[in-house]
Amino acid sequence: MKFHDLSIQEMRQKLLAGELTSIELTQQCLQRIKATDSQLNAFITVCEEEALAAAAVADQQLATGSAPLLTGIPIAVKDIFNTLDVRTTCGSKILDNYISPYDATAVAKLREQGAVIVGKLNMDEFAMGSSSENSAAGVVHNPWDLERVPGGSSGGSAAAVASGQVVATLGTDTGGSVRQPASHCGVVGLKPTYGRVSRYGVIAYASSLDQVGPVAGNVADCALMLGVVAGYDPADSTSVDCPVPDYLENLNAGVAGKKIGLPKEYFIDGLDPDIKKAVDAAIETYQQLGAEVVSVTLPHTDYSVACYYLIAMAEASSNLARYDGVRFGLRQDSGDGLIGMYQQTRSAGFGDEVKRRIMLGTYALSSGYYEAYYLKAQKVRTLIRQDFHDVFSQVDFLLTPVAPTPAFKIGEKVNDPLQMYLSDIFTIPTNLAGTCAMSLPCGFSKNELPIGLQLIGKPFAEAEILQAAYAFEQATDWNKRVPEL
Amino acid sequence: MNSRYEVVIGLEVHVQLTTRTKIFCGCSTEFGQGVNSQTCPVCLGLPGALPVLNRQVVEDAIKAGLATNCQITPRSIFARKNYFYPDLPKGYQISQFELPICEHGWLDIETEELGGKRLGITRIHMEEDAGKLLHNSDNSSSVDLNRACTPLLEVVSEPDMRSSEEAIAYLKQLHQIVVYLGICDGNLDEGSFRCDANVSIRPWGQKELGTRSELKNLNSFRYIKQAIEYEVERQIDVIDAGEKVVQETRLFDPDAGVSRSMRGKEEAHDYRYFPDPDLLPVDVSADWIEQVRKSLPELSTAKLQRYQGEIGLPAYDAGVISSDRPLAEYFEAVVKHYNNPKICSNWVMGEVLGALKDKKLEISACPVTPELLAGVLIRIDDKTISGKIAKTVFEKIWQTGNTADQIIEEKGLKQVTDTGAIEAIVDEVIAANPDQVAEYRGGKEKLMGFFVGQVMKASKGKANPGMANQLLKKKL
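**Some points on the overall build of chain B**
The helix and strand inventory of chain B stands at 15 helices and 16 strands. Its C-alpha radius of gyration of 30 Å places chain B more than 25% over the 23 Å reference for a compact globule of 476 residues. Its C-alpha atoms give chain B principal-axis dimensions of roughly 90 × 55 × 55 Å. Each of the 476 residues in chain B was classed as buried or not, and the buried ones make up 50%. When contacts within chain B are restricted to residue pairs at least 6 apart in sequence, long-range pairs at least 24 apart make up 68% of them. Carbon and sulfur atoms make up 49% of the accessible area of chain B, which totals about 22,800 Å². When the 56 positive and 68 negative side-chain charges of chain B are each reduced to one mean point, those points stand 4 Å apart.

In structure tokens:
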């Protein structure tokens, strides 16, 4: 039996029925990682010993019959989540061998539900990137075409699910970092509403935009994972105290009578023809399923990339100040005094993209430029947020492409940061608006690369877009295709 | 006051709050614990940790704001102040910048030189403290982060002070207020109340402010006064020498009585303030403000007025007693049991403060409770004991904790009011001192004091002095 054809719920049934033990499942998972990861480089750290120990505990729990939702199921998390006792590098040399004294809230919730954490996934350094090429642990490869990027920054989280290394993962999404790699790797990824999942213990890139999101092979698994990690956390002041619904309960509610908006600013002339074709077909499918489709407008979309990069970089420049060589992580000191130690440590510890963003963010916050850049960007953000608010009074959710092109070649955009930044053009606005959105497979390009469909929901309406995604998944079979590895 | 230049002083005071836990995490704020023993991922600035605001800090800030006549901002914002220093774990300090919790307040002060004056308070904001650098003998440094994330209020005055006396009067009043409110222990040595002074001078009549220097490390009222006066003289010398005052930070050296430049403006920081995205705006409802207002204790200035007006204490007594909240509360408790405020204040300021000073105790540790003290005063009033005996009784209460009545009974100290008994002693005294009797009768009436003293001595202090006086007058 190929375990990686199973969904979380199928695994759970077999575990509960005693057809499979967590140790067996975990061993198969570790073998799959060993067999494929030299090609993919999706993992930064595989924690075999800890995973097998957790699997043994899970088997005991399964035997007693009191086994919560994820008991014994191997899961991996992006290396941006702090994990007790297993190193957390955030894809950076500056945190090489850093071991956190605490678990992130999302990780603690996975463990509470009995999940077996098998490792930490590769990513763009400090989540800064759209291709998973900016990692101190090396480039991540797309399982569909090893010469292409998996997207980023949660490239490892998407590649690991697509390749069947693990059944589900956690990533983070600041400007599309869950949805864009999910789209490029042909899996399901969801960015919850800002405040839906605790950020406590998630290494901060841009605090007002960062949100934890699940990646899985199908909509139901994605819904299940969201249900596990969602919820108010007193340790995160920006998490929201609003009840978490059972996302699996009405998953098959369908879309009949729903009103879907197509924001015209997302269907631009330069859109890749394969993507246009796939998305158009998806629109037709939804109409066949009984949904009404209308054209809407989000007039400030054009400003979102500039607005996003100003805010994200400004926050990042401050969030990354703590990596100073004083208390933890890398320290380089040739005895030139304090300033010298800071400069050497940060020069050696950060990669080029991180340095670029720290410098731009510092500039945007500087006295004399603050009003023109950071403050202006905040005002634009308010307008973008208002766009979504207005549009959601007309429709139930929005449907758009996830990325303007399928996965591009490794190295293709490395020397053109602006082109790279534009690859997030359809995902960034939802982070600025703080609302929820997800990516699900909706087709393949001529050269067999997956294409993702984006559904954007009202704030805290994750259940609604999951239902719409589930309806589409039932009507199509795009998620059944797996890459050959 | 200088004849050529006007002195302009503005003060920034950091008030360390006495909350049990830190401002953004649950660690204890206790002083003097083992290095880095009171830390957690949040105050260590570890990756992924997030701040959560301690509501008590907001409440304390509202108290301070109301007590200094500030307006309370309905929605204030925390901001990050970005700079690198090893004692600042996150590389930024969480503070407030554009929308502080309190604004536009004032304090009224009195100085001998000028009388009353109203001094403006620009703002009060909440922020976290940094850690402490420990310098090792091998020239390296270590960081202790126990103090990191300890709650502070920064109280910024308008540049309204025109002399070191005014500056000190302002500081003493602000100190009294925060201690009275119970939000700060007021300990200057431990840095619970720290002051930076911005000092400049300008020719009389000039509107624009002169270039200021910022004086730091002022941890006693005396040093603050010295440092300001030194700085004024220094700036006058600079200008008289035809040079210009440079904007700089200066560190006061109390041993040498001079200040030294710390860093020049070429190193002026750009703190890149921006709203902290990890914290929500602080919303303070009108209800909350009202609740806090109702919970405020009567402050020293109000007590001072009430003591002088309503209960008629002399200005000096009222000043001493109202200056310290526990002392004032002690006094008021005594008055509650024995309603003669002047007598009470005499005893509190005399016997009580004297004994406390001898034993180096705080009023809160005084073994003679207000009720026990009132018990003594009541027995003087009803002539059970004399004032002199009362002092002995007070000492016994201090030692034993027994009531005045128990001690009077036990030691047989009850005043003799039996006319026959006192008359017998008076006769003895007159018989024993014929020379003095002759002198008295010759017109030296001052000797009455001597005779009363002799009677008291012979009665071991128990004779009623008033009766002794009367009987002596009659017999002589």
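**Concerning the overall build of chain A**
From N to C terminus, chain A includes 15 helices and eleven strands. Compactness check: chain A gives a C-alpha radius of gyration of 21 Å against a globular reference of 23 Å for 485 residues, within 12% of the reference. Overall size of chain A, expressed as C-alpha extent along the three principal axes, is 65 × 55 × 45 Å. Counting all 485 residues of chain A, 63% fall into the buried class. Contacts in chain A between residues at least 24 apart in sequence constitute 76% of all its contacts with a sequence separation of at least 6. Separation between the mean location of the 38 positive side-chain charges and that of the 54 negative ones in chain A comes to 3 Å.

**Thoughts on the sheet that holds strand β6 (residues 211-216) of chain A**
All names here are of chain A. With respect to topology, eleven strands assemble into an open sheet ordered β1-β3-β2-β4-β6-β5-β10-β11-β9-β7-β8, the strand pairing being mixed. Strand pairing shows two members of the sheet lacking a second neighbour, β1 (43-46) and β8 (292-296), which therefore form its edges. Taken over all neighbouring pairs, the strand axes of this sheet differ in orientation by 30° on average, direction set aside. Judged from the three bridges that link them, β1 and strand β3 (residues 116-121) form a sheet pairing that is antiparallel. Among the inter-strand pairings, Phe 43 is bridged to a residue of β3, identified as Leu 121. Packing of helix α8 (residues 273-288) onto the sheet brings it into contact with β7 (259-263), β8, β9 (397-401), β10 (436-444) and β11 (450-457), and relative to β11 it is tilted by some 50°.

**Considerations on a nonpolar patch on the surface**
Taken together, Leu 338 and Ile 339 of chain A together with Tyr 85 of chain B make up a surface patch of nonpolar side chains, about 270 Å² in accessible area. For Ile 339 of chain A, the position within the fold is in helix α10 (residues 337-349). Exposure remark for Ile 339 of chain A: the relative accessible area of 53% places this residue in the exposed category.

**Some remarks on the pattern of salt bridges**
It is possible for side chains bearing opposite charge to pair when their charged atoms get close. Using the criterion set out here, one finds 47 salt bridges over all chains in the structure. Residues Glu 448 of chain A and Arg 481 of chain A are paired through a salt bridge, measuring 2.5 Å at the closest nitrogen-oxygen approach. Residue Glu 448 of chain A is located in the loop between β10 and β11, and its partner Arg 481 of chain A is located in the segment after α15 (462-475); the two are separated by 33 residues in the primary sequence. The exposure class of Arg 481 of chain A is partly exposed, given its relative accessible area of 33%. One continuous salt-bridge network, built from bridges that share partners, spans Arg 199 and Asp 236 of chain A together with Arg 80, Asp 276 and Asp 278 of chain B.

**Re the interface of chain B and chain A**
With 31 residues of chain B at the contact, the number on the chain A side is 39 residues. Each partner contributes to the roughly 2,700 Å² buried at the junction of chain B and chain A, and carbon and sulfur atoms together form 58% of this total. Per-residue buried area on chain B facing chain A is highest for Pro 47, Phe 84 and Arg 272 of chain B; these three make up 23% of the total on that side. Where chain B touches chain A, the interface holds one salt bridge. The salt bridge involving Arg 199 of chain A is made with Asp 278 of chain B; its shortest N-O contact spans 3.1 Å. Inspection of the region where chain B meets chain A yields 18 residue pairs in polar contact (both at pLDDT 80 or more). Contributing elements (two or more residues each) for the side of chain B that touches chain A: β4 (78-82) and β15 (274-275) of chain B.

**Digging into the packing of helix α7 (residues 219-229) of chain A against α15 of chain A**
All names here are of chain A. Contact geometry for α7 and α15: axes closest at 9 Å, N-to-C directions at 160°. Here α15 runs roughly antiparallel to α7, going by the angle between their axes. As α7 runs across α15, the sense of the crossing is left-handed. Every residue of α15 that contacts α7 at Val 219, Ala 223 and Leu 226 is listed here: Glu 462, Leu 466, Ala 469, Tyr 470 and Glu 473.

**Some thoughts on the side chain of Thr 29 of chain B**
Residues and elements named next belong to chain B. Structurally, the position occupied by Thr 29 is in the loop between β1 (5-16) and α1 (55-67). Classification of Thr 29 as buried rests on a relative accessible area of 18%. One polar contact links the side chain of Thr 29 to the main-chain carbonyl oxygen of Arg 20, over a distance of 3.0 Å. Setting aside residues no more than four positions away along its own chain, Thr 29 makes contact with Thr 19, Arg 20, Thr 21, Lys 22, Gln 38 and Pro 151.

**Some details on helix α9 (residues 304-319) of chain A**
For α9 of chain A, which comprises 16 residues, the first-to-last C-alpha distance of 22 Å matches the rise-based estimate of 22 Å (1.5 Å per residue) to within 8%. Counting buried residues along α9 of chain A, 14 of its 16 residues qualify, which places the element largely inside the surrounding structure.

**A word on the side chain of Arg 196 of chain A**
All names here are of chain A. Relative to the helices and strands, Arg 196 is located in the loop between β5 (188-191) and β6. No salt bridge is formed by the buried Arg 196; its nearest oppositely charged neighbour, Glu 462, is found at 4.9 Å. Polar side-chain contacts of Arg 196 include one of 2.7 Å to the backbone oxygen of Cys 242. Setting aside residues no more than four positions away along its own chain, Arg 196 makes contact with Gln 211, Ala 230, Gly 231, Val 240, Cys 242, Pro 243, Val 244, Pro 245, Tyr 247, Phe 460 and Glu 462.

**Brief notes about the nonpolar core**
Judged by nonpolar contacts, the single largest core of 116 residues is most densely connected at Phe 81, Leu 110, Phe 126, Tyr 286, Leu 453 and Leu 455 of chain A. Take this core: its biggest share by element is nine residues, from α7 of chain A. Those residues in contact with Phe 81 of chain A that sit more than four places away from it in its chain are Thr 88, Ala 104, Ala 106, Val 107, Lys 120, Leu 170, Gly 171, Thr 172, Gly 201, Val 202 and Val 212 of chain A. If you look at the next biggest cluster of nonpolar residues, it comprises 113 residues, including Val 13, Val 232, Cys 366 and Val 393 of chain B.

**Things to note about the sheet that holds strand β5 (residues 92-96) of chain B**
The pairing of strands in a sheet happens through backbone hydrogen bonds and is either parallel or antiparallel. Sheet architecture is open: three strands sit in the order β5-β4-β15 (chain B), paired in antiparallel fashion. Each having just a single partner strand, β5 and β15 of chain B make up the two edges of the open sheet. Where β4 of chain B and β5 of chain B come together, five bridges link them in antiparallel fashion. Looking across to β5 of chain B, one finds that Asn 82 of chain B is bridged to Tyr 92 of chain B. α9 of chain A rests against β4, β5 and β15 of chain B of the sheet, and its axis sits at about 65° to β4 of chain B.

**Looking at the pairing of β5 of chain B**
Summarising burial for β5 of chain B: five of the five residues are buried, a large majority. By the alternation rule, side chains of β5 of chain B split into Tyr 92, Ile 94 and Gln 96 of chain B and Gln 93 and Ser 95 of chain B, which are all buried.

**A few points about the pairing of β11 of chain A**
Residue and element names in this part refer to chain A. Among the eight residues in β11, eight count as buried, and that is most of the element. Alternating residues of β11 divide into Pro 450, Gly 452, Gln 454 and Ile 456 and Ile 451, Leu 453, Leu 455 and Gly 457, and every residue in both groups is buried. Of the pairings in the sheet, the one linking β9 to β11 comprises five bridges and is antiparallel in character. Across the sheet, the residue bridging to Phe 397 is Gly 457, located in β11. In this structure, β10 lies alongside β11, joined through eight bridges in antiparallel fashion. The residue of β11 that forms the bridge with Ser 439 is Gln 454.

Definitions and cut-offs
- Residues numbered from 1 in each chain as written.
- Chains lettered and ligands numbered in written order.
- Predicted model: local features only at pLDDT ≥ 70, side-chain atom pairs only at ≥ 80, totals over all residues.
- Heavy atoms only, no water.
- Helix = DSSP H or I, 4+ residues; strand = E, 2+ residues; numbered from the N terminus.
- Rg over C-alpha atoms; globule rule 2.2 N^0.38 Å.
- Buried < 20%, exposed > 50% of the residue type's maximum accessible area, 1.4 Å probe, protein only.
- Contact = heavy atoms within 4.5 Å.
- Areas by Shrake-Rupley, 256 points an atom, 1.4 Å probe, with all protein chains shown as cover.
- Lys, Arg positive; Asp, Glu negative; His and termini not counted.
- Charge placed at Lys NZ, Arg CZ, Asp CG, Glu CD.
- Pairing = 2+ DSSP bridges.
- Axes fitted to C-alpha atoms, helices over the stretch in contact; angles between N-to-C directions.
- Patch = residues over 30% accessible without salt bridge, like charges linked within 9 Å, V, L, I, M, F, W, Y side chains within 5 Å.
- Salt bridge = Lys/Arg side-chain N within 4 Å of Asp/Glu carboxyl O.
- Buried area = accessible area lost by both parts, 1.4 Å probe.
- Polar contact = N/O pair within 3.5 Å; in protein donor to acceptor, adjacent residues only side chain to side chain.
- Parallel < 35°, antiparallel > 145°, perpendicular 65-115°, else oblique.
- Left-handed = near helix turned anticlockwise from the far one by under 90°.
- Expected span 1.5 Å × (residues − 1).
- Core = buried A, V, L, I, M, F, W, Y, C linked by side-chain atoms within 4.5 Å.

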